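Here is what each chain is made of, one letter per residue.
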Amino acid sequence: MASKYFSLFSMAFLVLLSLLFAHSILAVDTEKKSPVEFMKHLQGCHKGEKVRDLLQLKKYLEKFGYLDYKNAKNLTHENDDYFDELLESAIKTYQLNFHVQSSGVLDSKTLSEMAKPRCGVADIVNGINWMKSREKSHYNHGSGRPFHTVSHYTFFPGSPRWPAGQTFLTYAFLPGTRSDALEPVARAFQTWQANTHFRFTRVQDFRNANINIGFASGDHGDGYPFDGPGRTLAHAFSPTDGRFHYDAAEPWAVGAVRGSFDLETVALHEIGHLLGLGHSQVQGAIMWPNIPAGTTKGLHRDDIEGIRALYKV
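Since the model is a prediction, treat every value here as computed from it, not as a measurement.

Calculation rules
- Residues numbered from 1 in each chain as written.
- Predicted model: local features only at pLDDT ≥ 70, side-chain atom pairs only at ≥ 80, totals over all residues.
- Heavy atoms only, no water.
- Helix = DSSP H or I, 4+ residues; strand = E, 2+ residues; numbered from the N terminus.
- Buried < 20%, exposed > 50% of the residue type's maximum accessible area, 1.4 Å probe, protein only.
- Contact = heavy atoms within 4.5 Å.
- Areas by Shrake-Rupley, 256 points an atom, 1.4 Å probe, with all protein chains shown as cover.
- Core = buried A, V, L, I, M, F, W, Y, C linked by side-chain atoms within 4.5 Å.
- UniProt positions renumbered as here; feature names shortened; annotations may be inferred.
- Axes fitted to C-alpha atoms, helices over the stretch in contact; angles between N-to-C directions.
- Parallel < 35°, antiparallel > 145°, perpendicular 65-115°, else oblique.
- Left-handed = near helix turned anticlockwise from the far one by under 90°.
- Nonpolar A, V, L, I, M, F, W, Y, C, P; charged D, E, K, R; others polar.
- 1 Å grid on protein atoms, 1.4 Å probe; cavity = no way out; pocket = protein on both sides within 12 Å on 5 of 7 lines; lining within 4 Å.
- Points joined across faces, edges and corners; volume = space filled by probe spheres on them.
- Pairing = 2+ DSSP bridges.
- Arc of directions from axis to C-beta.

Caption draft 1: Representation of the overall build of the protein chain within the structure. Of the regular secondary structure elements, the protein chain holds seven helices and eleven strands. Among the 313 residues that make up the protein chain, the fraction classed as buried is 42%. Once local pairs closer than 6 in sequence are excluded, the contacts in the protein chain between residues at least 24 apart make up 62%. A total accessible area of about 16400 Å² is found for the protein chain, and carbon and sulfur atoms account for 55% of it.

Written out as structure tokens, the structure reads:
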């Protein structure tokens, strides 16, 4: 009898030990630092200062096109923590794009925007600021005079698009794509189809499909490595490349789930890139670069006007 009680006690002890061990692992995971944790102590930094981790900020701004030391005359502070004029100029441009006072100082609002999860496609390519509002002329048929409006949608440099005769596009999922992504992505294609002249059809042969969708981690061979959870969510290429990748390291979900990113909302954004749209300055637009967790989003008038202007339909 004593051995029986001893056995039960041993089992209970092992269960308790395993629960404590699991809790300790969970605590470590919860306390794991965000990839943008380094930004917190940069608040208030400005030109002329040298502060630890400014180099990481430079890499961040370089990734999204705001900072380009390679084509600058002054390379003195390319690889250090000094806040030079080039960094100040890059921050001012970033602040303008994200509707923050353009002071060139790393204030709390600017750092808050930088810390948000976002699309991995750059805002500035080859020196061209996609997100800069552009004045466009339209013809007023009532008065017979042109009038001007400001458009917030943008296109890739050179305005690449699918050929005029190629309105039927096929898409396929790469091997290993998680099953819960299939329907959300299909719905995203249907939404774009309802607002464009395109028709999208899913096929099994990913090698010959116009568009490929899949999940990847880290350096996955396309020249744009993912950075783990908390920063870059996904990316896609301009027409007619047809590649769209989710970062597999992010917490994904179907719908608005706290702490996770909606597969369909991100697909809507990246399909916009696949069709030729750049980022928008309208926060309500699907082509706004930042995509918050726990929310869903649909197409905005700015997105629809942009795609119709690109294809002149």
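Caption draft 2: View of the nonpolar core. In this structure, Trp192, Ile213, Tyr246 and Leu275 are the most contacted members of the largest nonpolar core, which totals 37 residues. Secondary-structure elements contributing two or more residues to this core are strand 5 (168-173), helix 5 (182-194), strand 7 (211-216), strand 8 (234-236), strand 9 (243-247), helix 6 (263-275) and helix 7 (301-311). Counting residues per element, this core draws most heavily on helix 6, which supplies seven residues. With sequence-adjacent residues up to four places away left out, Ile213 is seen in contact with Tyr171, Ala172, Phe173, Leu174, Thr177, Val185, Phe189, Phe244 and Tyr246. Grouped together as the second largest cluster of nonpolar side chains are 24 residues, Met39, Leu42, Cys45 and Val51 included.

Caption draft 3: A look at the UniProt feature "active site" (unreviewed entry) in the protein chain. Feature annotation in UniProt assigns "active site" (unreviewed entry) to the following positions: Glu270. In this fold, Glu270 is placed in helix 6. Residues within four places of Glu270 in sequence aside, it is in contact with Cys119, Val121, Ala234, His235, Ala236 and Phe244.

Caption draft 4: Quick look at the packing of helix 5 against helix 6. For the pair helix 5 and helix 6, interaxial distance at closest approach is 8 Å and the crossing angle is 50°. The orientation of helix 5 with respect to helix 6, classified from their angle, is oblique. Judged by the twist between their axes, the crossing of helix 5 over helix 6 is right-handed. Contacts from Pro184, Val185, Arg187, Ala188, Phe189, Thr191 and Trp192 in helix 5 reach Leu263, Glu264, Ala267, Leu268, Ile271, Gly272 and Leu275 in helix 6. Its residues assigned to classes, the contact of helix 5 with helix 6 comprises ten nonpolar, two polar and two charged.

Caption draft 5: Main features of the layout of surface pockets. What the largest pocket holds in volume is close to 750 Å³. Lys63, Gly65, Ala122, Ile124 and Val125 are the residues nearest the centre of the largest pocket, which is lined by 29 residues in total. Elements with a contribution of two residues or more to the lining of the largest pocket: helix 2 (54-63), helix 3 (85-97), strand 1 (124-125) and strand 8. Among the elements that make up the lining of the largest pocket, the one with the highest residue count is helix 3 (three residues). For the lining of the largest pocket, a count of residues per class yields 13 nonpolar, twelve polar and four charged.

Caption draft 6: Seen up close, the pairing of strand 7. Extensive coverage of strand 7 is indicated by the burial of five of its six residues. The pairing of strand 5 with strand 7 spans three bridges and is parallel. The residue bridging Phe173 from the neighbouring strand is Ile213, located in strand 7. Here strand 7 pairs with strand 9 via five bridges, running parallel. In the sheet register, Ala216 faces strand 9, and the bridge partner there is Asp247.

Caption draft 7: Broad picture of helix 2. Among the residues making up helix 2, those that are buried are Leu54, Leu57, Lys58, Tyr60 and Leu61. The buried residues of helix 2 all sit within an arc of 160° when viewed along its axis, so they share a single face. Directly after helix 2, the chain includes Gly65, whose backbone phi takes a positive value near 90°.

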